[in-house]
Amino acid sequence: MNELLKTRLFSLLAEPSQITNEEMQTAYGNFMEQLKIVSQSEQSYSDTFRMLNFTRVEFKALQALLEYEQGEKCSEICLSY
């Protein structure tokens, strides 16, 4: 459904292993390229918006998971900005 979730960036963020800055920068660059492709695609605006919103929700879920794993108090997730 969402090509953005299949990028290396998401897999790096979800892995509990050591990641180098270079790996993360490369993955982020590839994510941004994929984001550009999605935004210029022939999809309807509502489909593009839905995909981007779903990606944002996944980022927030990863953030909460990482905070929990680091022993931090998880903040309440606010999905409406």
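Described in the following lines is the structure provided in the data block. Given the structure is predicted, the values throughout are model-derived calculations rather than measurements.

## Focus: the overall build of the protein chain
No. 1: Within the protein chain, the secondary structure is distributed over three helices and zero strands.
No. 2: Taken from the N to the C terminus, the helices and strands of the protein chain come in the order α-α-α.
No. 3: Among the 81 residues that make up the protein chain, the fraction classed as buried is 20%.
No. 4: In the protein chain, of all internal contacts separated by at least 6 residues, the share reaching a separation of at least 24 is 50%.

## Examining the pattern of salt bridges
Side chains that differ in charge, positive against negative, can pair when their charged atoms come close.
No. 1: Inspection of the entire model under this criterion finds one salt bridge.
No. 2: Measuring nitrogen to oxygen at the nearest pair gives 2.9 Å for the salt bridge that ties D47 to R50. Here the residue D47 and the residue R50 both occupy positions in helix α3 (residues 45–69), the gap between them amounting to three residues, near one helical turn.
No. 3: Using a relative accessible area of 47% as the deciding quantity, one classes R50 as partly exposed.

## With respect to the environment of L62
No. 1: Mapping L62 onto the fold places it in helix α3.
No. 2: On the basis of relative accessible area, L62 is assigned to the buried category, the value being 12%.
No. 3: Distance from L62 to L13, taken between C-alpha atoms, is 7.3 Å for residues 49 residues apart in sequence.
No. 4: Here L62 is in contact with F10, L13 and A14, once residues within four sequence places are set aside.

Calculation rules
- Residues numbered from 1 in each chain as written.
- Predicted model: local features only at pLDDT ≥ 70, side-chain atom pairs only at ≥ 80, totals over all residues.
- Heavy atoms only, no water.
- Helix = DSSP H or I, 4+ residues; strand = E, 2+ residues; numbered from the N terminus.
- Buried < 20%, exposed > 50% of the residue type's maximum accessible area, 1.4 Å probe, protein only.
- Contact = heavy atoms within 4.5 Å.
- Salt bridge = Lys/Arg side-chain N within 4 Å of Asp/Glu carboxyl O.

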